[in-house]
Amino acid sequence: DAGVIQSPRHEVTEMGQEVTLRCKPISGHDYLFWYRQTMMRGLELLIYFNNNVPIDDSGMPEDRFSAKMPNASFSTLKIQPSEPRDSAVYFCASRPVRDTQYFGPGTRLTVL
Amino acid sequence: GESVGLHLPTLSVQEGDNSIINCAYSNSASDYFIWYKQESGKGPQFIIDIRSNMDKRQGQRVTVLLNKTVKHLSLQIAATQPGDSAVYFCAETRRNAGNMLTFGGGTRLMVKP
């Protein structure tokens, strides 16, 4: 298995632009998680899905952030409009029924 | 508040020595713990896990110890190698926390050749 796949690996955009991050979880995993990592705040859970249904989005910073999972093999995290404080590394993780989560390589987002 | 934290932000060890990375948690309801390794530019990588009904679990060159009395978790790496240099995170989840992991702040392990 190729593991969790994220794209793009790096994204540089200007303030106010829309940003879409993509994730392909490991096949057969029922859960998908989106995290944000910064030096100041560490790893923060933004939202997670179970069988494509959003379960807990309490970590989503504000309405500018939205996430979807249209099918079991694809999820997106969208920021519209983006702001410089959104600059971070965004990780997607997936897991089967058991508890261990497997992380993707991350997308490094820079908002100028 | 409820949290998972690490005592030492940076640990420097000599190649070949054993490393011990510590983690404290505050919620007695925590029942599953995981150690992750994160190398520069990569996502966290699962190393080893342990459930609260165990005190010790061993993997390849790694051992996790759980002391529920003092709510302490440690990761021991035997014969530390340069490739072990990374940031190590402990994470915990609780029976009443759904499927959400709470991560500690991380400890940077630096291996000197």
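That block above? That's the structure.
Note that the coordinates shown come from a computational prediction; the quantities given were computed from them, not determined experimentally.

Conventions adopted
Residues numbered from 1 in each chain as written. Chains lettered and ligands numbered in written order. Predicted model: local features only at pLDDT ≥ 70, side-chain atom pairs only at ≥ 80, totals over all residues. Heavy atoms only, no water. Helix = DSSP H or I, 4+ residues; strand = E, 2+ residues; numbered from the N terminus. Buried < 20%, exposed > 50% of the residue type's maximum accessible area, 1.4 Å probe, protein only. Contact = heavy atoms within 4.5 Å. Areas by Shrake-Rupley, 256 points an atom, 1.4 Å probe, with all protein chains shown as cover. Core = buried A, V, L, I, M, F, W, Y, C linked by side-chain atoms within 4.5 Å.

Engineer: Looking at this model, I keep getting lost on the overall build of chain B. Mind explaining?
Structural biologist: Counting secondary structure elements, chain B contains 0 helices and 11 strands. Tracing chain B from N to C terminus, the helices and strands come up as β-β-β-β-β-β-β-β-β-β-β. Classification of the 113 residues of chain B by burial places 46% in the buried group. For chain B, contacts bridging at least 24 residues in sequence account for 54% of all contacts bridging at least 6. If you sum the accessible surface of chain B, you get close to 5,500 Å²; carbon and sulfur atoms cover 47% of it.

Engineer: Can you help me understand unusual backbone geometry in this one?
Structural biologist: What is expected of a backbone is that most residues other than glycine have negative phi and most peptide bonds are trans. Cis rather than trans, the peptide bond between Ser7(A) and Pro8(A) has omega equal to -10 degrees. On the secondary structure map, Pro8(A) appears in the loop between β1 (5-7) and β2 (10-13). Gln80(A) connects to Pro81(A) through a cis peptide bond whose omega is -10 degrees. Tracing the backbone through its elements, the reader meets Pro81(A) in the loop between β8 (74-79) and β9 (88-95). A positive phi angle, close to 50 degrees, is found at Ala79(B), a residue other than glycine.

Engineer: Is there a simple way to think about the nonpolar core in this case?
Structural biologist: If you look at soluble globular proteins, the nonpolar side chains tend to sit buried side by side. Counting 21 residues, the largest nonpolar core has Trp34(A), Leu77(A) and Tyr90(A) as the members making the most contacts within it. Looking at this core, the elements that each hand over two or more residues are β3 (19-24), β4 (31-38), β5 (42-50), β7 (65-71), β8, β9 and β11 (107-111) of chain A. Among all residues touching Leu77(A), those that are not within four sequence positions of it are Val19(A), Thr20(A), Leu21(A), Trp34(A), Leu46(A), Met60(A), Ser66(A), Ala67(A) and Tyr90(A). Counting residues in hydrophobic clusters, the runner-up holds 20 residues, among them Ile48(B), Leu66(B), Tyr88(B) and Val111(B).

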